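Here is what each chain is made of, one letter per residue.
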Number of protein chains: 2
Amino acid sequence: MKTFNVALLGLGTVGTGVYRIIAEHEADLENKIGSRIAIRKILVRDIAKHRTRVPESLLTTDFAEIVSDPSIDVIVEVMGGTHPAYDYIRQALQANKHVVTANKELLAKHGKELLTLADEQGLQFRFEASVAGGVPIVKALKESLGANRISQVMGIINGTTNYILTRMSNEGVDIETALREAQAQGYAEADPTNDIDGFDAAYKLLILGSIAFGSRLDIEKIYTEGIRKITPIDLEYGRQLGYTLKLLAIAKETPEGIEARVHPTFIPSKHPLAAVSDVFNAIYVEGDAVGELMFYGRGAGQMPTASAVCSDIIDVALNCGTRKVCSCIYEKKQLPMEQTVSRYYVRISVKDNPGVLAKISHEFGENKVSLHSVIQLGRGEPVPLVFVTHEVTEANLNQAINGIKSLDCVYSVDNIIRVEGEA
Amino acid sequence: MKTFNVALLGLGTVGTGVYRIIAEHEADLENKIGSRIAIRKILVRDIAKHRTRVPESLLTTDFAEIVSDPSIDVIVEVMGGTHPAYDYIRQALQANKHVVTANKELLAKHGKELLTLADEQGLQFRFEASVAGGVPIVKALKESLGANRISQVMGIINGTTNYILTRMSNEGVDIETALREAQAQGYAEADPTNDIDGFDAAYKLLILGSIAFGSRLDIEKIYTEGIRKITPIDLEYGRQLGYTLKLLAIAKETPEGIEARVHPTFIPSKHPLAAVSDVFNAIYVEGDAVGELMFYGRGAGQMPTASAVCSDIIDVALNCGTRKVCSCIYEKKQLPMEQTVSRYYVRISVKDNPGVLAKISHEFGENKVSLHSVIQLGRGEPVPLVFVTHEVTEANLNQAINGIKSLDCVYSVDNIIRVEGEA
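The numbering scheme is per chain: residues are counted from 1 as the chain's sequence reads. Each chain gets a letter, beginning with A, and each ligand a number, beginning with 1, in the order they are written. Selection of residues for local features in this predicted model requires a pLDDT of at least 70, selection of side-chain atom pairs for listing and counting requires 80 or more, and totals for whole chains, interfaces and linings are taken over all residues.

### Points about the overall build of chain A
Then, number 1: Put simply, DSSP H or I for four residues or longer makes a helix, DSSP E for two residues or longer makes a strand, and each gets a number counted from the N terminus. Across its full length, chain A holds 15 helices and 17 strands.
Then, number 2: Within these notes, the globule rule equals 2.2 Å times the number of residues to the 0.38 power, and the radius of gyration is based on C-alpha atoms. Radius of gyration (C-alpha) of chain A: 24 Å, near the 22 Å computed for a compact globule of 423 residues.
Then, number 3: The C-alpha extent of chain A, read off along each of the three principal axes, is 85 × 45 × 35 Å.
Then, number 4: Out of the 423 residues in chain A, the part that is buried amounts to 54%.
Then, number 5: With C-beta atoms placed from the backbone, a contact is any residue pair whose C-beta atoms sit within 7 Å. Of all intrachain contacts in chain A linking residues separated by at least 6 positions in sequence, the fraction that spans at least 24 positions is 75%. Working definition of burial: number of other C-beta atoms within 10 Å of the residue's own, with buried at 20 or more, exposed at 12 or fewer, and partly exposed in between, all C-beta atoms being placed from the backbone.

The structure is reproduced here in structure tokens:
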């Protein structure tokens with residue numbers, strides 16, 4: 001029986017999971033794929049730290065030992081970060097080794113170069129684990145939906161923020177409390193910026209959108225807004241309107257170009273994404289032939305992520321190698337946020353005077369913003385008014401908001417949240 | 001540029017969809033896969049009926065003309081039924097042609113023989129469209145979850161019955177009314193037996209379970225119960241208990257063997273499957289590494305099904321040909337229904353006497369059925385009592401029910417419905 005030789009770069013959480021799956025499922029994998037998968041080398045920083053858990057003969061601190069070993073078929077990068085991962089993967093491809101990685105940041109920043117190099121070398125380069133952990137969305141978009149023109153991808157692809165929003169929604173706590181809870185549960189890091197401010201979701205959206213539309217997105221052009229401004233009162237008002245709030249990563253192809261954005265979003269509570277709670281991830285896709293699809297599962301964690309890495313290793317071993325690695329065959333225009341279209345929830349504090357509603361409605365109308373619904377929640381001074389608009393460009397909405405802010409009868413525009421999904 | 005030549009068997013709803021996708025996406029497909037996909041022949045019964053829609057030169061009524069044409073690379077069977085589809089596919093494989101099919105009944109009845117023949121011939125044989133239409137569950141189970149031991153697959157894989165149950169639940173109508181509505185909408189056939197009585201779901205479950213567990217299921221051993229006995233009052237009581245009713249196809253691997261069954265099932269209203277309404281399909285999967293996954297989308301219809309067929313054609317064209325076609329490598333025992341384990345909802349009409357509850361509880365206890373909850377709904381004569389059990393074998397439950405039926409204080413056992421998902 002042929003043996004397929006793997007080198008792991010990194011033996012942290014995910015690396016340990018990959019090691020476990022390959023060890024524990026050895027016979028099953030042999031039966032399934034007709035060859036043995038063997039881990040031959042593991043790159044670590046400190047051998048002493050790991051030798052009680054894995055055979056010491058596998059461990060090395062020297063990447064050169066791995067890349068120069070002609071028996072290694074595939075390099076599996078699970079160290080994270082861009083350096084030295086970028087250099088190692090480049091060298092691996094130049095040394096004619098296939099690559100599997102779980103590294104979203106690396107792909108977002110250096111994906112074009114690395115995937116192009118893999119294609120030039122005729123090598124496989126797989127990255128299922130880089131988006132939504134165990135949810136097989138990369139393969140679905142690349143292969144299963146190959147006969148579709150994808151019109152939109154909308155995802156809950158950050159488990160930390162989804163956990164926080166679920167707590168806030170279910171228990172009425174504020175974001176600081178929910179964040180502390182998430183940190184206590186191990187769902188959020190001590191410095192939660194990468195999750196809370198949407199950067200993690202943006203990296204993943206870049207990968208999803210690039211595959212969906214066959215055109216590489218630019219991370220600098222992805223509008224990225226986190227959940228820091230979300231308050232329990234907005235969640236409550238949203239609920240009264242039949243909405244649930246999610247941090248969505250959204251990519252849409254319009255005749256004008258591709259929209260790609262990450263921001264807190266109300267969706268109808270009956271939308272399939274609304275029921276996705278806690279740390280779960282889900283990606284909702286629309287294709288011209290297939291219609292609506294949703295993929296749901298654990299977007300992070302040791303074993304779900306390792307499951308995705310191992311499915312890539314199996315695919316490489318099975319040598320589905322004639323498929324072009326890079327699916328970016330077009331160069332489509334990517335829209336600035338101002339040109340994107342959405343519906344909006346706008347909460348405004350106004351004076352309790354007659355004629356206020358007419359003045360605000362006039363400002364909306366002047367700027368081509370038509371209204372879906374208006375509700376007045378309670379009385380007193382100030383009075384809170386909530387508007388939900390029909391679809392409008394961000395530019396027009398912003399103009400209307402500027403006009404409204406300058407009205408004498410308006411104290412403040414307290415919140416603006418985009419609304420997605422069918423009305 | 002190389003051309004990949006396709007012959008379609010059948011030009012009904014799905015065949016026409018496949019033809020449309022390949023014609024309309026021609027340039028896109030060429031860009032994606034680096035070769036042309038061309039439909040060279042279409043087998044129809046009556047050329048006159050189709051020549052206004054497709055070039056007459058493509059149409060033939062003679063299968064021999066297709067199978068003997070050495071330029072044809074893949075046969076795409078979208079005619080349905082087992083005869084003559086079975087003979088045609090056998091001949092195609094013997095003539096060294098790859099096969100793509102959407103035919104669940106054929107696979108359920110002749111899958112073993114045909115897949116084995118394909119492997120012997122070194123040919124590809126793909127059938128993504130045979131289960132859940134556009135939802136790419138076959139590829140997910142075969143490829144994406146390859147590193148997992150799947151413990152259970154639970155699916156809403158019949159759109160007709162899901163539509164009927166959704167109507168009944170939302171509007172309180174009875175099954176006859178909902179069925180007439182479904183027929184009027186084109187979601188149910190004039191003779192709805194295949195859907196309503198669960199046979200369609202059973203064929204699909206055979207395919208899913210066989211892949212999930214790597215062991216071929218036997219259609220004769222799949223317990224199949226349709227939705228005819230479901231009444232609005234059960235749906236209402238279920239709702240009061242926090243349950244939603246779905247026709248589920250369930251396959252589980254237990255230490256004792258594989259459970260495979262199709263029946264109406266209550267699931268907690270918070271379970272991801274509970275939110276799947278109307279004609280949508282969804283498949284919920286649990287793997288040891290990946291945890292819980294759900295795949296959701298349109299399980300039928302012209303273009304979703306054609307999307308799946310075309311993804312198979314693309315895969316064949318891309319020649320992912322080293323993957324073994326048949327994933328059934330084990331021969332595991334398949335359990336009879338009596339040995340399967342479930343929770344149960346049991347509704348009983350009793351006399352309004354003291355001591356009734358004790359007598360019924362005693363019968364449950366004597367047969368090792370422990371109770372999760374009991375509710376009395378209203379008073380009068382008879383009194384309806386609803387029990388929900390903890391997990392128990394079907395055999396024990398049946399014994400308990402027989403004992404309860406023989407009690408003097410019991411008028412009738414009015415309904416028994418299985419409950420799945422976390423309590």
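### Quick notes on the pairing of strand β12 (residues 291–298) of chain A
Then, number 1: Among the eight residues of β12(A), six are classified as buried, and the element is accordingly described as predominantly covered.
Then, number 2: Here strand β11 (residues 280–287) of chain A folds back onto β12(A), and the loop between the two strands holds three residues. At least two DSSP bridges between two strands are needed for those strands to be called paired.

### Side note on the interface of chain A and chain B
Then, number 1: Listed by partner, the interface residues are 46 residues for chain A and 46 residues for chain B.
Then, number 2: When contributions to the side of chain A that touches chain B are tallied by element, the ones reaching two or more residues are α2 (26–33), α7 (137–144), β12 and α13 (302–317) of chain A.

### Thoughts on the relation of the copies chain A and chain B
Then, number 1: A least-squares fit on C-alpha atoms brings the copies together, and the residues used are those whose pLDDT is at least 70 in both copies. Rotating chain A by 180° and translating it 0.0 Å along the rotation axis places it on chain B, where the RMSD comes to 0.1 Å. Considering both components of the superposition, the chain copies are consistent with a two-fold axis.

### Notes on the domain arrangement of chain A
All names here are of chain A.
Then, number 1: For the domain bounds, the source is a domain assignment made automatically or taken from a database. The domains assigned to chain A are domain 1 (3–126), domain 2 (137–298) and domain 3 (340–419).
Then, number 2: Taking only C-alpha atoms, the centre of domain 2 and the centre of domain 3 are 25 Å apart.
Then, number 3: With 12 residues of domain 2 in contact, the opposing surface of domain 3 contributes 10 residues.
Then, number 4: Of all the elements in the fold, those that place two or more residues in the side of domain 2 that touches domain 3 are α12 (232–240) and β10 (257–268).
Then, number 5: In terms of residue count, the dominant contributor to the side of domain 2 that touches domain 3 is β10 (six residues).
Then, number 6: For this classification, the nonpolar set comprises Ala, Val, Leu, Ile, Met, Phe, Trp, Tyr, Cys and Pro, the charged set comprises Asp, Glu, Lys and Arg, and every other residue, Gly included, is treated as polar. Residues of the side of domain 2 that touches domain 3, tallied by class, amount to five nonpolar, three polar and four charged.

### Some words on the sheet that holds strand β6 (residues 125–126) of chain B
Residue and element names in this part refer to chain B.
Then, number 1: Read across the sheet, six strands follow the order β3-β2-β1-β4-β5-β6 without closing on themselves; strand pairing throughout is parallel. Where the open sheet ends on each side, the last strands, each with one partner, are β3 (59–60) and β6.
Then, number 2: Relative to strand β2 (residues 36–43), strand β1 (residues 3–9) runs parallel, the two sharing seven bridges. Residue Phe 4 lies in a different strand from β2, and its bridge partner there is Ile 37.
Then, number 3: What counts as an axis is a line fitted to C-alpha atoms, over the stretch in contact for a helix, and the angles between N-to-C directions run from 0 to 180 degrees. The sheet contacts of helix α13 (residues 302–317) involve β1, β2, β4 (74–77), β5 (98–101) and β6, and relative to β5 the element is tilted by about 165°.

### Here we look at the sheet that holds strand β2 (residues 36–43) of chain A
Residues and elements named next belong to chain A.
Then, number 1: One open sheet holds the six strands; their spatial order is β3-β2-β1-β4-β5-β6, and the pairing between them is parallel. If you trace the sheet from one side to the other, it starts and ends with β3 (59–60) and β6 (125–126), each paired once.
Then, number 2: Pairing geometry for strand β4 (residues 74–77) and strand β5 (residues 98–101), over four bridges, is parallel. Looking at β5, one finds that Glu 77 is bridged to Thr 101.

### Description of the environment of A:Leu206
All names here are of chain A.
Then, number 1: Mapped onto the elements, Leu 206 comes out in helix α11 (residues 199–213).
Then, number 2: Separated by 54 residues in the primary sequence, Leu 206 and Ala 260 place their C-alpha atoms 7.9 Å from one another.
Then, number 3: Ignoring any residue separated from it by four or fewer positions in sequence, one finds Leu 206 in contact with Ala 108, Leu 217, Ile 219 and Ile 222.

### Quick notes on helix α8 (residues 159–171) of chain B
All names here are of chain B.
Then, number 1: With 13 residues, α8 should reach 18 Å at 1.5 Å per residue; the first-to-last C-alpha distance of 18 Å fits that figure.
Then, number 2: Three or more residues of α8 are buried, namely Gly 159, Thr 160, Thr 161, Asn 162, Tyr 163, Ile 164, Leu 165, Thr 166, Arg 167, Met 168 and Ser 169.
Then, number 3: Lining the buried residues of α8 we find β7 (150–156), α9 (175–184), α10 (193–196), α12 (232–240), β9 (243–254) and β11 (280–287).
Then, number 4: The first or second residue beyond α8 is Gly 172, which carries a positive phi of 70°. One less than the residue count of a helix, multiplied by 1.5 Å, gives the span that helix is expected to have.

### Topic: unusual backbone geometry
Residue and element names in this part refer to chain A.
Then, number 1: For the bond from His 83 to Pro 84, the omega torsion is 10°, close enough to zero to count as cis.
Then, number 2: With respect to the helices and strands, Pro 84 occurs in the loop between β4 and α5 (85–94).
Then, number 3: The backbone phi angle of Asn 96 is positive, close to 70°, even though this residue is not glycine.
Then, number 4: Tracing the backbone shows Asn 96 in the loop between α5 and β5.

### Let's talk about the nonpolar core
Then, number 1: Any set of buried Ala, Val, Leu, Ile, Met, Phe, Trp, Tyr and Cys residues joined through C-beta atoms within 7 Å is what this text calls a nonpolar core. Judged by nonpolar contacts, the single largest core of 286 residues is most densely connected at A:Val76, A:Ile283, A:Val309, B:Val76, B:Ile283 and B:Val309.
Then, number 2: Those residues within four positions of A:Ile283 in sequence are excluded, and the remaining contacts are A:Ala132, A:Val135, A:Ile137, A:Val153, A:Gly155, A:Ile157, A:Leu208, A:Met294 and A:Phe295.

### As for the packing of helix α5 (residues 85–94) of chain B against helix α6 (residues 104–121) of chain B
Residue and element names in this part refer to chain B.
Then, number 1: Where α5 contacts α6, the two axes come as close as 10 Å, and the packing angle between them is 10°. As summarised for this structure, α5 and α6 are arranged roughly parallel, according to the angle between their axes. Within the contact between the two elements, α5 uses Ala 85, Tyr 86, Ile 89, Arg 90 and Leu 93 and α6 uses Leu 106, His 110, Leu 114, Leu 117, Ala 118 and Gln 121.
Then, number 2: Taken together, the residues that form the contact of α5 with α6 break down as eight nonpolar, two polar and one charged. Oblique is the label for any angle not under 35 degrees, not over 145, and not in the 65 to 115 range, which are roughly parallel, roughly antiparallel and roughly perpendicular in turn.

### A closer look at α7(A)
Two residues of an α-helix separated by three or four positions point the same way, owing to the 3.6 residues in each turn.
Then, number 1: α7(A) sits mainly inside the fold: seven of its eight residues count as buried.
Then, number 2: Taken residue by residue, α7(A) has A:Ile137, A:Val138, A:Lys139, A:Ala140, A:Leu141, A:Glu143 and A:Ser144 as its buried positions.
Then, number 3: Buried-residue contacts for α7(A) involve α11, β11 and β12 of chain A together with α7 (137–144) and α13 of chain B.

### Some thoughts on the pairing of strand β10 (residues 257–268) of chain B
Residue and element names in this part refer to chain B.
Then, number 1: Summarising burial for β10: 10 of the 12 residues are buried, a large majority.
Then, number 2: Pairing of strand β8 (residues 223–224) with β10, which is carried by two bridges, proceeds in the parallel orientation. Of the residues in β10, the one forming a bridge with Tyr 223 is Arg 261.
Then, number 3: One ladder, built from 12 bridges, connects β9 with β10; its direction is antiparallel. Each residue of the ladder has a partner; that of Ala 249, found in β10, is Val 262.
Then, number 4: As paired strands, β10 and strand β17 (residues 410–419) are joined by two bridges and run parallel to one another. Counterpart to Phe 266 in the pairing with β17 is Val 419.

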